[in-house]
Amino acid sequence: MKLLTVVGARPQFIKAAVVSRALARLEASVREVLVHTGQHYDPNMSEVFFTELDLAAPDHHLGVGGGTHGQNTGRMLERLEAVMLAERPDRVLVYGDTDSTIAGALAAAKLHIPVAHVEAGLRSYNRRMPEEQNRVLTDHLADQLFAPTRVAVENLAKEGIAGPGVRLVGDVMYDGALHYAAKAERESTILADHGLEAGGYVLATLHRQENADDARRLRELVEALGRSPLPVVWPLHPRTRQRLAAFGLALPPTVRSLEPVGYLDMVRLEQHAAVIVTDSGGVQKEAYFHGVPCITLRPETEWVELVACGANELLTDDLADRLPARIAARAGERVGQDGHRPYGDGTAGEQIARAMLEAAQST
């Protein structure tokens, strides 16, 4: 089987490392062609991840990044089509909900190449989110849909997507957390490097356009973080750093900005935070995997099971007062200690690899 995998953003590198490792363990011959669209082009959000995750260097790097959603998707689509015509894969594998995801799925579908989608079935039901648009369209283009949760399977069924192509496999990010947690403890020195005490800081990650692109909203977030009862560590996404500068916003002295960090450093920061404040889908889950309470600055989330069990909470209004209060209330709380495992048993990567191979062998 010749498999063409499309990645472009930090979470996709992590997921691809899990599945690629599982593919390499298969006895059957699988040739994986890795394509990096370039969506995350900052070295600290791209190259360092390949090194730390032991992920092979991309076979193709398209160099597309830094534009608008329309520009990025269009350029990726054109260049991915050319790569697929040259490589002629048996299947295309895409992850998550980024511009790289929909470009890969659409290019493959136009060429009648079967598409597999990892993290299928997630829904926020907010069609204003580019990520929601991308994931819905990708699910309707794919013939193999690997769902991380039962809710995701139910979401697909509501849209008429069911049958043997839909599989509940668990979450590959959970596989990754199990595999890399100990490595982060051994190798990351980020706490010592920045004088951070375990349990003595809040970790913030904010980058979505509804938070970063509105000057009033971003100012509100900065002010609220500045009132946190604990110091805040904020690895700044390049998009967010650009918006802060454009809007003339300075960070309060209790909010420490960092350049984007590598995966192992990020895991280490997550493991030892008192609370995590985020608008990222992946970080919500990573917080849970590491037993840390999470506050999500969005009106909705795809990961509804985390809200249902109390590990995560959504917060959007009156942040200046409510966010500091919720940080104080939750600091040091441990979550996910009841043995419940909504994201599977850590074998999602293996299940995905075998399912794709079986599909190839049956055709």
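Not measured: the values here are computed from a predicted model.

A. Examining the overall build of the protein more closely. A count of helical and extended segments in the protein gives 16 helices and 13 strands. The C-alpha radius of gyration of the protein comes to 20 Å, within 12% of the 21 Å expected for a compact globule of 363 residues. Its C-alpha atoms give the protein principal-axis dimensions of roughly 60 × 45 × 40 Å. Looking at the 363 residues of the protein, the share that counts as buried comes to 56%. Restricting to contacts in the protein with at least 6 residues of sequence separation, those with at least 24 account for 70%. Within the protein, one finds 38 positive and 48 negative side-chain charges whose respective centroids are separated by 2 Å.

B. A look at the side chain of E305. Structurally, the position occupied by E305 is in helix α14 (residues 304-308). For the buried E305, no salt bridge is present, and the opposite-charge side chain at shortest range is K285, 8.2 Å distant. Setting aside anything within four residues of it in sequence, one finds E305 in contact with T149, V151, P342 and Y343.

C. Geometry of the pattern of salt bridges. Evaluation of the coordinates by the stated rule reveals 26 salt bridges. E259 is the salt-bridge partner of R241, the closest N and O atoms lying 3.3 Å from each other. In this pair, R241 is assigned in helix α11 (residues 238-246) and E259 in the loop between β10 (255-258) and α12 (263-271), connecting sequence segments 18 residues apart. We classify R241 as partly exposed; its relative accessible area is 31%. When its relative accessible area of 47% is taken as the criterion, E259 is described as partly exposed. A salt bridge links E350 to R354, with the shortest nitrogen-to-oxygen separation between them at 3.8 Å. Here R354 and E350 lie together in helix α16 (residues 348-361), a separation of 4 residues that amounts to about one turn. The class of E350 is partly exposed, set by a relative accessible area of 40%.

D. Broad picture of the packing of aromatic side chains. The full count for this structure, using the stated rule, is 6 aromatic pairs. Note on F13 and F50: the rings are 4.9 Å apart at their centroids and 50° apart in plane angle, and the pair reads as tilted. Of the two residues, F13 sits in helix α1 (residues 10-25) while F50 sits in helix α2 (residues 47-52), which places them 37 residues apart along the sequence. Side by side, F13 and F50 carry an identical accessibility label, which is buried. Each ring, one from F289 and one from Y343, has its centre 5.9 Å from the other, and the planes form 85°; the classification is edge-to-face. Of this pair, F289 sits in helix α13 (residues 281-289) while Y343 sits in the loop between α15 (319-330) and α16; the two residues are 54 residues apart in sequence, bridging distant segments of the chain. For the pair shown, F289 and Y343 are each scored as buried. Taken together, the ring pairs in this structure connect Y174, Y288, F289, W303 and Y343 into an aromatic cluster.

Criteria and thresholds
Residues numbered from 1 in each chain as written. Predicted model: local features only at pLDDT ≥ 70, side-chain atom pairs only at ≥ 80, totals over all residues. Heavy atoms only, no water. Helix = DSSP H or I, 4+ residues; strand = E, 2+ residues; numbered from the N terminus. Rg over C-alpha atoms; globule rule 2.2 N^0.38 Å. Buried < 20%, exposed > 50% of the residue type's maximum accessible area, 1.4 Å probe, protein only. Contact = heavy atoms within 4.5 Å. Lys, Arg positive; Asp, Glu negative; His and termini not counted. Charge placed at Lys NZ, Arg CZ, Asp CG, Glu CD. Salt bridge = Lys/Arg side-chain N within 4 Å of Asp/Glu carboxyl O. Phe/Tyr/Trp six-rings, centres within 6.5 Å; stacked < 30°, edge-to-face > 60°.

This is a description of form; function is not addressed.
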